[in-house]
Amino acid sequence: MSERGGKKNMCNAMTVDVEAWFQTVLFERNQRAHVGNLVQNVTEIMLILDEFGVKATFFVSGVVAERAPEIVAQISSRGHEIASHGYRHALVYKMSPQEFADDVGRSMDILKGITGVRVMGYRAPTWSIFRNMDWAISALKGLGLKYDSSIYPVSRNIFKCPALPTAPYLITDGLVEFPPPVFKCLGYNMPFAGGTFLRFFPEELISRKFLEINALGQPALAYFHSWEFDDILPEAGMSYWKRWVQYGNVRSVRVKLRAMLNKFKFTSMRAVLQEARLIVA
Ligand SMILES: [Zn+2]
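Summarised in this report is the structure supplied together with it.

What counts as what
- Residues numbered from 1 in each chain as written.
- Predicted model: local features only at pLDDT ≥ 70, side-chain atom pairs only at ≥ 80, totals over all residues.
- Heavy atoms only, no water.
- 1 Å grid on protein atoms, 1.4 Å probe; cavity = no way out; pocket = protein on both sides within 12 Å on 5 of 7 lines; lining within 4 Å.
- Points joined across faces, edges and corners; volume = space filled by probe spheres on them.
- Helix = DSSP H or I, 4+ residues; strand = E, 2+ residues; numbered from the N terminus.
- Nonpolar A, V, L, I, M, F, W, Y, C, P; charged D, E, K, R; others polar.
- Donors = N, O, S within 2.8 Å, 3.2 Å for Na, K, Ca; no water.
- Buried < 20%, exposed > 50% of the residue type's maximum accessible area, 1.4 Å probe, protein only.
- Expected span 1.5 Å × (residues − 1).
- Arc of directions from axis to C-beta.
- Contact = heavy atoms within 4.5 Å.
- Phe/Tyr/Trp six-rings, centres within 6.5 Å; stacked < 30°, edge-to-face > 60°.
- Core = buried A, V, L, I, M, F, W, Y, C linked by side-chain atoms within 4.5 Å.
- Salt bridge = Lys/Arg side-chain N within 4 Å of Asp/Glu carboxyl O.

Here we look at the layout of surface pockets
Of the pockets and cavities examined, the second largest pocket occupies roughly 200 Å³. For the second largest pocket, the lining is made up of 13 residues, of which T166, V182, F183, I213 and L216 are closest to its centre. Of all the elements in the fold, those that place two or more residues in the lining of the second largest pocket are β8 (182–185) and α8 (203–215). When its residues are assigned to classes, the lining of the second largest pocket shows 7 nonpolar, 3 polar and 3 charged.

Here it is in structure tokens:
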């Protein structure tokens with residue numbers, strides 16, 4: 001594999017979901033007041049990005065932004081993009097259209113109030129928008145967003161949904177969808193660029209798949225979570241299955257992030273989509 005070739009050829013999107021560990025789908029406890037080590041975790045991620053001179057997109061939960069506004073201001077002032085990860089980190093398919101629009105709009109107002117910059121992008125908690133949820137896409141467009149990154153090109157329960165695009169595409173007039181990458185495995189679309197999948201797949205495989213996508217002339221995105229950089233893993237007493245999904249191989253993320261930043265060119269979602277002329281500033 002030519003690492004330099006990968007770096008030269010294509011700019012990919014580096015993204016971080018900024019949320020407290022207790023907001024994830026396994027816990028859904030937004031009522032907790034303290035965000036734990038989130039500020040330190042995000043600071044560490046920014047320091048790693050600095051080592052490689054990379055700007056990223058941080059999808060921030062509104063609940064977190066209210067409780068730790070100083071880190072949101074810092075992310076923005078250091079040149080990264082702030083985008084919305086919703087307010088409550090609630091699953092979109094469990095909300096009514098009005099609840100969804102209110103949730104995202106509230107987060108956008110909070111984020112803009114902190115940074116002074118209009119939010120252009122959104123990512124649904126736990127990739128909880130599916131392709132048939134046109135009402136959610138309409139709501140995002142109605143809020144003035146320019147891109148969404150919420151639809152995994154897999155079906156809801158099994159990883160088989162080959163009809164969905166795997167590269168950025170115009171999902172409706174004025175709104176671009178930037179899906180996470182997948183690779184074909186026995187006819188299924190297999191995620192690999194974030195979460196449990198990234199933590200368990202070897203770095204060499206992840207890099208090879210990035211290289212293959214870039215060779216097609218397509219950018220890919222990678223995603224990390226702020227709590228994956230926390231040395232203290234809360235809820236040690238939870239079930240084995242939950243612990244595996246939430247924290248399995250979590251110690252590998254620092255090594256994998258650095259390896260990917262070393263091998264590939266990354267920037268923010270906004271910059272990748274502007275470069276591809278899919279959105280304008
Ligand atoms: Zn999330």
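Quick word on the coordination of the zinc ion
Within the protein, E19 (OE), H85 (NE2) and H89 (NE2) serve as the donor atoms for the zinc ion, at 1.9 to 2.1 Å. One chain supplies every donor to the zinc ion, and in sequence these donors are spaced E-x65-H-x3-H. Of this pair, E19 sits in the loop between β1 (11–18) and α2 (38–51) while H85 is found in the loop between β3 (81–84) and α5 (97–115), placing the two residues 66 residues apart along the sequence. With relative accessibility at 1%, the residue H85 sits in the buried group.

What about α2?
Taking 1.5 Å per residue as the helical rise, α2 with its 14 residues ought to reach 20 Å, and the 20 Å between its terminal C-alpha atoms agrees with that figure. Those residues of α2 that fall on the buried side of the exposure criterion are L38, N41, V42, I45, M46, I48 and L49. Taken around the axis of α2, the buried residues stretch over an arc of 160°, which confines them to a single face. Elements that come into contact with the buried residues of α2 comprise β1, β2 (57–60), α3 (62–67), α4 (69–77) and α10 (253–263). Where α2 terminates, the next one or two residues include G53, which has phi positive at roughly 60°.

Comments concerning the packing of aromatic side chains
In the structure shown here, the tally under the stated rule is 12 aromatic pairs. With 5.6 Å between their ring centres and 45° between their planes, F210 and F264 make a pair best called tilted. Here F210 is found in helix α8, whereas its partner F264 is found in the loop between α10 and β11 (265–267), with 54 residues between them in sequence. Across this residue pair, the class does not change: F210 and F264 are buried.

A look at the nonpolar core
Counting 72 residues, the largest nonpolar core has F58, F100, I129 and F210 as its most contacted members. Those residues in contact with F100 that lie beyond four places of it in its chain are V92, M95, Y122, I129, W135, A136, A139 and L140.

Description of helix α6 (residues 134–142)
Buried within α6 we find A136, I137, A139 and L140. Looking straight down α6, one finds that the buried residues subtend no more than 160° of arc, so they occupy a single side. For α6, the elements touching its buried residues are α5, β4 (121–122), β5 (147–148), β6 (169–172) and β7 (175–177). Of the residues flanking the end of α6, it is G144, one or two places downstream, whose phi is positive at about 85°.

What about empty space enclosed by the protein?
The final tally for this structure, using the stated rule, is 1 cavity of 30 Å³ or more. Approximately 50 Å³ is the volume found for the largest cavity. Around the largest cavity, the lining residues are E19, A20, W21, V35, G36, N37, L38, N41, S226, W227 and D230. Along the lines of polarity and charge, the residues of the lining of the largest cavity split into 5 nonpolar, 4 polar and 2 charged.

Examining the pattern of salt bridges
A side chain with one charge can pair with a side chain of the opposite charge if their charged atoms come near. Considering all chains together, one arrives at 11 salt bridges under this definition. With its nearest N and O atoms 3.6 Å apart, the salt bridge here joins R251 to D231. Taken as a pair, R251 in the loop between α9 (240–247) and α10 and D231 in the loop between β10 (221–225) and α9 lie far apart in primary sequence, 20 residues in all. D231 is the salt-bridge partner of R254, the closest N and O atoms lying 3.4 Å from each other. Here the residue R254 occupies a position in helix α10, and D231 occupies one in the loop between β10 and α9, the gap between them amounting to 23 residues. A relative accessible area of 18% means that R254 is categorised as buried.

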